[in-house]
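Overview (structure and organization)
Below are the chains, spelled out letter by letter.
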Amino acid sequence: MSEPISRIVVIGGGQAAGWACKTLREEGFGGTLTVVADEPHDFYERPPLSKAVLSGDASLPRLFPEDDVAGWSIDWRRPKRATHIDSHAHTVTLDDGERLAYDRLLIATGATPRLPDPRWAEHDDVLTLRSWDDAQRLKRRLADARRLAVVGGGWIGLEVAATARRLGLEVEVFERQAALCARSVGPEVSEALAALHLRENVALRLNCGDVAITPLASGVRITSDVHDTQADLAVVGTGVDFGLELAREAGVATQQGIVVDQAGATSVADIFAAGDVTQHPVLGQCLQSWGYAQNQAIAAARGLLGKAAAYDDPAWLWSDQYGTNIQILGTPCPDTRCVVRQEPLGTSFFYLDAADRLCQAVTFDQPRHIKLAKRWLAARRVLDPDMLGDPTSNLMRLR
Ligand SMILES: Cc1cc2nc3c(=O)[nH]c(=O)nc-3n(C[C@H](O)[C@H](O)[C@H](O)COP(=O)(O)OP(=O)(O)OC[C@H]3O[C@@H](n4cnc5c(N)ncnc54)[C@H](O)[C@@H]3O)c2cc1C
């Protein structure tokens, strides 16, 4: 018979950690629940940071009401960092030397922005956006700036560009690839994203090669293969670092992220992991999405308690830019063909495999199509491309 669980330690105080704590208490865990978090704030959501918070919303986007969190009797260690896991002794060491014993451990440490050149971190006018504190700093700087350079044409970079345009700044986006968000969507969607930003007078510098940033007396100079410019401020959104050393030193198997099974278990006994730091147990990729951080963490918390859990949701994320809601469901597949459906309300891009089954749907202001696409994906439904692309056809008939 397995030992009763009386001490759970969670490393990380973000969205995955928050959902895991909520689930652990709701599933009846009554023992000591310790959360080691290097940010001083209660659990909060990051999506508003690049949207409402940058454009003025002053309140922390709490994940749960304060009273709910207080009711979970969390034994907080914050702001503190976990620096070492001893999986044999079942202990976690913190940056102040404290050592915490655990029966089960959950790693939910998220990710941090990665700079192409570490020296950029020394420039006051080069910023990144991950945390509430980052957003406060960036908001202050945007208020005084006239020209913004965004390095990286991925989701975060484009959202910052859109918000900055709405705040009245001149914006240039530098992207090394020939297309925007090329890692996560097909060329048709990249083109639609480019059109959206061009319409709002963002200068797009695609295929720009390596970018160099030089500090000036005031602002920065951005040098690239295609264009040189000066800006008051540069925001860098060129990908993240999953900080896997902590897990690796404990013997936990990692690839792109921490490898977990559908119940959130890692390769090491009694260590579980959740959120951005993990790769999807079935898709084998780190998704970095709000929906994944919530639902995979719920599964991991159940798995940690020894309850049934089998996480296998499709990839899903959204982005809001200039009031347009963009949703991405599923992942690109090889030999895909794109069916575009243009309606007065918005446009949807359906990517079908060779057997006309959906692999990815990307919608611009068409949330209803995402709901339908979730069903088609789950049922592996063979679709009629002509009907899909005909804006006069009733998609509900494909339900
Ligand atoms: C600006 C921004 C906008 C986004 N917008 C969207 C969106 O529109 N749609 C969408 O689907 N997704 C969006 N995302 C992604 C989504 O927010 C993330 O996928 C989600 O926050 C991941 O949650 P997490 O708990 O895994 O990681 P995080 O939320 O990053 O939490 C991890 C926490 O662990 C802490 N930590 C790390 N190491 C340690 C350590 N050793 N000791 C103690 N604490 C540690 C970190 O500081 C952090 O507080 C956005 C992300 C950002 C940054």
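Residue numbering note: each chain is counted from 1, following its sequence as written. Local features are withheld for residues below a pLDDT of 70 in this predicted model, meaning they are given only at 70 or higher, and side-chain atom pairs are given and counted only at 80 or more; totals for whole chains, interfaces and linings count all residues. As a rule here, side-chain values come from all non-hydrogen atoms in the structure, and water together with hydrogens is ignored.

Here the focus is the UniProt feature "domain: Reductase C-terminal" (unreviewed entry) in the protein chain. UniProt positions are given in the numbering used here, feature names are shortened, and annotations may be inferred rather than shown by experiment. Under the feature "domain: Reductase C-terminal" (unreviewed entry), the UniProt entry names residues 316-398. In residues 316-398, the share of helix is 22% and the share of strand is 39%. The end C-alpha atoms are 21 Å apart. Each helix corresponds to a stretch of at least 4 residues labelled H or I by DSSP, and each strand to a stretch of at least 2 residues labelled E; elements are numbered beginning at the N terminus.

Let's shift gears to the pairing of strand S11 (residues 170-174). Among the five residues in S11, four count as buried, and that is most of the element. Pairing between two strands requires that DSSP report at least two bridges joining them. Sheet topology note: the strand S10 (residues 147-151)/S11 ladder contains five bridges and is parallel. Along S11, the bridge assignment pairs Arg-147 with Glu-170. By convention, a crossover is right-handed whenever its connection, traced from the first strand over the helix to the second and viewed with the strands pointing away, goes clockwise. Each parallel crossover has a hand, and the one from S10 via helix H4 (residues 155-166) to S11 is right-handed. Sheet topology places S11 next to strand S12 (residues 203-205); three bridges connect them, and they run parallel. In the strand pairing of S12, Val-173 is matched with Leu-204. Accessible area is worked out with a 1.4 Å probe on protein chains only. A residue is then buried under 20% of its type maximum, exposed over 50%, and partly exposed in between.

A few words on the pattern of salt bridges. Salt bridges are counted wherever a side-chain nitrogen of Lys or Arg sits within 4 Å of a carboxyl oxygen of Asp or Glu. Enumeration according to the criterion identifies 27 salt bridges in this entry. For Arg-166, the salt bridge is made with Glu-200, and the minimal N-O distance between the two is 3.3 Å. In this pair, Arg-166 is assigned in helix H4 and Glu-200 in the loop between helix H5 (187-199) and S12, connecting sequence segments 34 residues apart. Overall, Arg-166 belongs to the exposed group, its relative accessible area being 53%. For Arg-205, the salt bridge is made with Glu-172, and the minimal N-O distance between the two is 2.9 Å. Linking Arg-205 in strand S12 with Glu-172 in strand S11, this pair joins segments that are 33 residues apart in sequence.

Either a parallel or an antiparallel arrangement is found when strands of a sheet pair, and the pairing is made through backbone hydrogen bonds. Ordered by their spatial adjacency, three strands build an open sheet running S13-S14-S15, and the pairing between neighbours is antiparallel. Unpaired on one side and paired on the other, strand S13 (212-215) and strand S15 (228-231) mark the two borders of the sheet. In this sheet, neighbouring strand axes are inclined to one another by 20° on average, regardless of whether the strands run parallel or antiparallel. Here S13 pairs with strand S14 (residues 220-223) via four bridges, running antiparallel. Residue Ala-212 lies in a different strand from S14, and its bridge partner there is Thr-223. An axis is simply a line fitted to the C-alpha atoms; with a helix, the fit covers only the stretch in contact. Between two such axes, the angle follows the N-to-C directions and lies from 0 to 180 degrees.

By convention in these notes, a residue is near a molecule or strand provided one of its non-hydrogen atoms lies within 4 Å of it. Taken together, 32 residues surround the ligand, and among them Asp-38, Glu-39, Arg-46, Lys-51 and Asp-276 come closest. A distance of 2.6 Å separates an oxygen atom of the ligand from a polar atom in the side chain of Lys-51. N or O atoms within 3.5 Å of each other form a polar contact, as long as, within protein, one can give a hydrogen and the other can take it, and as long as residues adjacent in sequence are counted only when both atoms are side-chain atoms. Trp-318 places a main-chain nitrogen or oxygen 2.9 Å from an oxygen atom of the ligand. Every element with two or more residues in the shell around the ligand is listed here: helix H1 (15-26), H4, helix H7 (290-304) and strand S21 (316-321).

Right, let's talk about the sheet that holds strand S16 (residues 233-236) for a bit. Strands sit in the order S9-S16-S10-S11-S12 across an open sheet of five strands; the sheet is parallel. For this open sheet the edge positions go to strand S9 (126-127) and S12, each flanked by a neighbour on one side alone. Where S9 meets S16, two bridges bridge the pair, whose relative direction is parallel. The partner of Leu-127 across the bridge, within S16, is Val-235.

Moving on to the domain arrangement of the protein chain. A domain assignment, automatic or from a database, supplies the domain bounds used here. In terms of domains, the protein chain is made up of domain 1 (7-111 + 242-304), domain 2 (115-236) and domain 3 (332-398). Throughout, a contact is declared for two residues whenever any of their heavy atoms are within 4.5 Å. The interface is formed by nine residues belonging to domain 2 together with seven residues belonging to domain 3. Throughout, the accessible surface (probe 1.4 Å) given up by two parts as they are put together, summed over both, is called the buried area. Summing the contributions of domain 2 and of domain 3, the shared interface buries around 580 Å²; its carbon and sulfur component is 75%. Our enumeration of links across domain 2 and domain 3 arrives at two residue pairs in polar contact (both at pLDDT 80 or more).

Attention shifts here to unusual backbone geometry. Arg-78 connects to Pro-79 through a cis peptide bond whose omega is -5°. Structurally, Pro-79 is set in the loop between strand S3 (74-77) and strand S4 (82-86). With a phi close to 45°, Ser-73 is a non-glycine residue in the positive phi region. Mapped onto the elements, Ser-73 comes out in the loop between helix H2 (66-71) and S3. With relative accessibility at 52%, the residue Ser-73 sits in the exposed group.

With that settled, the discussion passes to the state of the cysteines. Throughout, disulfides are identified as pairs of cysteine sulfur atoms within 2.5 Å of each other. Across all of its chains, the model carries one disulfide by this definition. Each sulfur of the disulfide joining Cys-333 and Cys-359 lies 1.9 Å from the other. Here Cys-333, found in the loop between strand S22 (324-330) and strand S23 (337-342), pairs with Cys-359, found in strand S25 (residues 358-364); they are 26 residues apart in sequence, far enough to count as distant. With respect to class, Cys-333 is no different from Cys-359; both count as buried. Note on Cys-208: no disulfide assigned, nearest cysteine sulfur contributed by Cys-181 at a separation of 14 Å.

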